[in-house]
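Geometric and topological summary
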Amino acid sequence: MAEVNGESLNADAGPPGKPERGKAVKLVDRVFDQLLERIRGGNYPPDSRLPGEHELASMLGVSRPIVRDALARLRDQGMVYARQGAGTFVSVHGSPTTQLAYSPVKTIADIQRCYEFRLTIEPAAAYFAAKRRNEQAIQKIASALADLREATSHQLHRTDADFLFHRAVTEAANNHYYTASIDALKAHIAVGMHLHGLSLLGPRQGLEQVYEEHNAIYKAIADGRPDDAQRLMKAHLEGSRDRLFEGRVLDLSF
């Protein structure tokens, strides 16, 4: 059974022959996401040739029609282009230099703006994560949660584990726009998480409360409770913002 980034793609492939429509669509989504991640991660630089359909199908453990559909979607989005008789090549639009990016955090107001933006995307990502998650996605969230648990037991806050938890939630939503957005915000989120972590290092219950907030989000997603997952993520982000700013948010009006 082939694996890509630890994800088994054969699990949904079904028996040999023509796959069911729903399973085929799911496989195309997965192959599209995997190839997009590799392109954006620089594994396939601009103007480099992608492996052929047969090789990709073998690498990803899917059929050639699945690969063909995923490549067609990448072409539609301008991420790759075809050269007649030569194969499929990565467009300059797929270069890491053209990925989504935001201006760096310069002020306290920027940290608040970052929270404001996260509140528009992460609760929704948690909602869809609870609806669409699979076992691998759940395990990835659980792994980050375990790191947070260990850090909390030593009265520490790990910004890296905190970020990985939130990123794993976006991945569980199976919508690469959420993941791309949070990746673009990584440095910005880290500033807020670091300052928030420092504010928790006094009373032990502060760290424990934040851990329990993450744990509740995880349980809602694992149990398939989308409304609860959305509500809990929103409450967690608002709580983080309010703890950091001590409930005194800035007026961002012009």
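Just above sits the structure.
Residues numbered from 1 in each chain as written. Predicted model: local features only at pLDDT ≥ 70, side-chain atom pairs only at ≥ 80, totals over all residues. Heavy atoms only, no water.

A few points about the overall build of the protein
Heads up, the condition is: Helix and strand assignments come from DSSP, with helices taken as H or I runs of at least 4 residues and strands as E runs of at least 2, each series counted from the N terminus. Remark: exposure states derive from per-residue accessible area (1.4 Å probe, protein chains only) relative to the maximum for the residue type, with buried under 20%, exposed over 50%, and partly exposed in between. Note on contacts: a residue pair qualifies if any of its non-hydrogen atoms lie within 4.5 Å across the two residues. Computed with the Shrake-Rupley method and a 1.4 Å probe, the accessible areas treat only the protein chains shown as cover for residues.
Each helix and strand counted, the protein has ten helices and four strands in total. N-terminal to C-terminal, the α/β element order of the protein is β-β-α-α-α-β-β-α-α-α-α-α-α-α. A burial count over the protein gives 43% of its 254 residues as buried. Sequence-distant contacts in the protein: of pairs separated by 6 or more residues, those separated by 24 or more amount to 69%. Only carbon and sulfur atoms are counted for the fraction: they give 52% of the accessible area of the protein, which is about 13,300 Å².

Considerations on the packing of helix α5 (residues 135-153) against helix α6 (residues 159-172)
As a reminder of what qualifies: For helices, the fitted axis covers only the stretch in contact; all axes are lines through C-alpha atoms, and the angles between them, taken along N-to-C directions, range from 0 to 180 degrees. Under this scheme an angle from 65 to 115 degrees is roughly perpendicular, one under 35 degrees roughly parallel, and one over 145 degrees roughly antiparallel; angles in between are oblique. By convention, the crossing between two helices is left-handed when the near helix turns anticlockwise from the far helix through less than a right angle, and right-handed when the turn is clockwise.
Across the interface, α5 lies against α6 with an axial gap of 8 Å and an inter-helix angle of 165°. By the criterion of interaxial angle, the relationship of α5 to α6 is roughly antiparallel. Relative to α6, the crossing made by α5 is left-handed. Of the residues in α6, those touching α5 at Ala137, Lys140, Ile141, Ala144, Leu145, Asp147 and Leu148 are Ala161, Asp162, Leu164, Phe165, Ala168, Val169, Glu171 and Ala172.

Thoughts on the nonpolar core
Note the threshold: Note on terminology: a nonpolar core comprises buried Ala, Val, Leu, Ile, Met, Phe, Trp, Tyr and Cys residues joined through side-chain atoms within 4.5 Å.
Of all hydrophobic cores here, the largest spans 23 residues; its most connected members are Ile141, Phe165, Val169, Tyr218, Ile221, Ala229 and Met233. Sort the elements by how many residues they give to this core and α5 lands first, with six residues. Among the nonpolar cores identified, the runner-up in size contains 21 residues, and Leu27, Val28, Ile66 and Val80 belong to it.

As for the side chain of histidine 188
You can see histidine 188 is positioned in helix α8 (residues 186-199). For histidine 188, a relative accessible area of 11% translates into the label buried. Those residues in contact with histidine 188 that sit more than four places away from it in its chain are Tyr102, Ser103, Pro104, Val105 and Cys114.

As for the environment of histidine 196
Relative to the helices and strands, histidine 196 is located in helix α8. Spatially, the C-alpha atom of histidine 196 lies 9.5 Å from that of aspartate 242, the residues being 46 residues apart in sequence. Setting aside residues no more than four positions away along its own chain, histidine 196 makes contact with Tyr115, Val210, Ser240, Arg243 and Leu244.

What about the environment of serine 143?
Mapped onto the elements, serine 143 comes out in helix α5. Each C-alpha atom, one on serine 143 and one on phenylalanine 165, is 8.2 Å from the other, the two residues being 22 residues apart in sequence.

Thoughts on the pairing of strand β3 (residues 80-83)
Convention followed: DSSP-based pairing: two strands are paired if at least 2 bridges between them are found.
Summarising the sheet, β3 and strand β4 (residues 87-90) pair through four bridges and their orientation is antiparallel. The residue of β4 that forms the bridge with tyrosine 81 is phenylalanine 89. Connecting β3 to the antiparallel partner β4 that follows it, the hairpin turn spans three residues, and glycine 85 within it adopts a positive phi of roughly 80°.

Looking at the packing of aromatic side chains
Using the following cut-off: A pair of Phe, Tyr and Trp rings is counted when the ring centres sit within 6.5 Å of each other, with Trp represented by its six-membered ring. The angle between the planes then sorts it: under 30 degrees is stacked, over 60 is edge-to-face, the rest tilted. Criterion for a charge above a ring: Arg CZ or Lys NZ at most 6 Å from the ring centre, at most 35 degrees from the ring normal.
Applying the stated rule across the entire model yields two aromatic pairs. Pairing tyrosine 81 with phenylalanine 89 gives two aromatic rings, centres 6.0 Å apart and planes at 25°, and the pair type is stacked. A residue is classified by how much of its surface remains accessible, and tyrosine 81, at 25% relative accessible area, is partly exposed. With 5.2 Å between their ring centres and 90° between their planes, tyrosine 127 and phenylalanine 128 make a pair best called edge-to-face. A cation sits over an aromatic face here: arginine 83 above phenylalanine 89, 4.0 Å from the ring centre.

Observations regarding the packing of helix α4 (residues 108-132) against α6
Following both chains from N to C, one finds α4 and α6 inclined at 55°, their axes separated by 7 Å at the closest point. If you check the angle between α4 and α6, you find them oblique. Considering how the two elements wind past one another, α4 and α6 form a crossing that is left-handed. Contacts between α4 and α6 pair Arg118, Glu122, Ala125, Ala126, Phe128, Ala129 and Arg132 from the former with His166, Val169, Thr170 and Ala172 from the latter.

Some remarks on the pattern of salt bridges
Using the following cut-off: We define a salt bridge as a side-chain nitrogen of Lys or Arg found within 4 Å of a carboxyl oxygen belonging to Asp or Glu.
Enumeration over the complete set of coordinates arrives at 17 salt bridges. As a salt-bridge pair, glutamate 53 and arginine 68 come within 3.1 Å of each other at their nearest N and O atoms. Here the residue glutamate 53 occupies a position in helix α2 (residues 53-60), and arginine 68 occupies one in helix α3 (residues 64-76), the gap between them amounting to 15 residues. Glutamate 171 is the partner of arginine 167 in a salt bridge, and the nearest nitrogen-oxygen pair spans 2.3 Å. Pair noted here: arginine 167 and glutamate 171 are both in helix α6, with a separation of four residues, about one helical turn. Shared partners join several salt bridges into a network, and the residues in it are Lys140, Arg167, Glu171 and Asp183.

A short note on α5
Note the cut-off: Residue count minus one, scaled by 1.5 Å, sets the expected span of a helix. In this description, the arc belongs to the directions extending from the helix axis to the C-beta atoms.
The terminal C-alpha atoms of α5 lie 26 Å apart, and with 19 residues this matches the ideal 27 Å at 1.5 Å per residue to within 8%. Looking at α5, one finds that the buried residues are Ala137, Ile138, Ile141, Ala144, Leu145, Leu148, Ala151 and Thr152. When α5 is viewed along its axis, its buried side chains cluster within an angular range of 145° and face the same direction. Downstream of α5 by a residue or two, glutamine 155 has a phi angle that is positive, lying close to 55°.

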